[in-house]
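What follows is each chain in one-letter form.
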Amino acid sequence: QVRLAESGGGLVQAGGSLRLSCAASGSIHSIPTVAWYRQAPGNQRELVASFTSADNVNYAESVKGRFTISKDNAKNMAYLQMNSLTPEDTAVYYCNARILSTSMSLIDKWGQGTQVTVSS
């Protein structure tokens, strides 16, 4: 059994910053990939930032230069530092990870999401 939980969302003024955290727990061997997605009302869920299995980093064009994804493998944590936020960044942010369990099962896991609201 593995679990994924986000935290760190909230209300911030335009130009401000937030740091989201994603905590994985349970019977974890390793986490090959991790990504952050977001979904605004009426929109499809979109990829914001990701680590590939080769630790390459990808960002959506809309967040390049403003958002930074990072991770701490030892703690099974991932982070999304968001700077220079705009109202267009308002969305529910989700953490997604492919987790290799201790029983060697590869599990695609989503967190419950955390709301980020940017006021103008």
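The text that follows walks through the structure, step by step, so that each part is easy to find. Being a predicted model, the structure only gives us computed values, none of them experimental. (Residues numbered from 1 in each chain as written. Predicted model: local features only at pLDDT ≥ 70, side-chain atom pairs only at ≥ 80, totals over all residues. Heavy atoms only, no water.)

Along the chain, S105 falls in the loop between β9 (91-101) and β10 (106-110). We classify S105 as partly exposed; its relative accessible area is 34%. Once residues lying within four places of it in the same chain are set aside, the contact partners of S105 are I99 and L100. (Helix = DSSP H or I, 4+ residues; strand = E, 2+ residues; numbered from the N terminus. Buried < 20%, exposed > 50% of the residue type's maximum accessible area, 1.4 Å probe, protein only. Contact = heavy atoms within 4.5 Å.)

Looking now at the packing of aromatic side chains. Inspection of the entire model under this criterion finds 2 aromatic pairs. Taken together, a centroid distance of 4.9 Å and an interplanar angle of 55° make the contact between Y37 and W110 tilted. Of this pair, Y37 sits in strand β4 (residues 28-39) while W110 is found in strand β10, placing the two residues 73 residues apart along the sequence. Overall, the relative accessible area of 33% leaves W110 in the partly exposed class. Pairing Y94 with W110 gives two aromatic rings, centres 6.4 Å apart and planes at 80°, and the pair type is edge-to-face. Of this pair, Y94 sits in strand β9 while W110 sits in strand β10, placing them 16 residues apart in sequence. Relative accessible area serves as the criterion here: at 14%, Y94 is assigned to the buried category. (Phe/Tyr/Trp six-rings, centres within 6.5 Å; stacked < 30°, edge-to-face > 60°.)

Right, let's talk about the sheet that holds strand β8 (residues 77-82) for a bit. Spatially, β1-β3-β8-β7 is the arrangement adopted by the 4 strands of the open sheet, whose pairing is antiparallel. Both outer strands of the open sheet, β1 (2-7) and β7 (67-72), are each paired with one neighbouring strand and no more. Across the sheet, the mean angle from the axis of one strand to that of its neighbour is 15°, orientation sign disregarded. In terms of strand pairing, β7 meets β8 through 6 bridges, oriented antiparallel. Residue pairing in the sheet places F67 in a bridge with M82 of β8. (Pairing = 2+ DSSP bridges. Axes fitted to C-alpha atoms, helices over the stretch in contact; angles between N-to-C directions.)

Overall, the coordinates contain 5 salt bridges when judged by the stated rule. Taking the shortest distance from any N to any O, the salt bridge between R38 and E46 comes out at 2.6 Å. The partner of R66 in a salt bridge is D89, and the shortest N-O contact between them spans 2.7 Å. Placement of the pair is R66 in the loop between β6 (57-59) and β7 and D89 in the loop between β8 and β9, with a sequence separation of 23 residues. With a relative accessible area of 16%, R66 lands in the buried category. One salt-bridge network, held together by shared partners, links R38, E46, R66 and D89. (Salt bridge = Lys/Arg side-chain N within 4 Å of Asp/Glu carboxyl O.)

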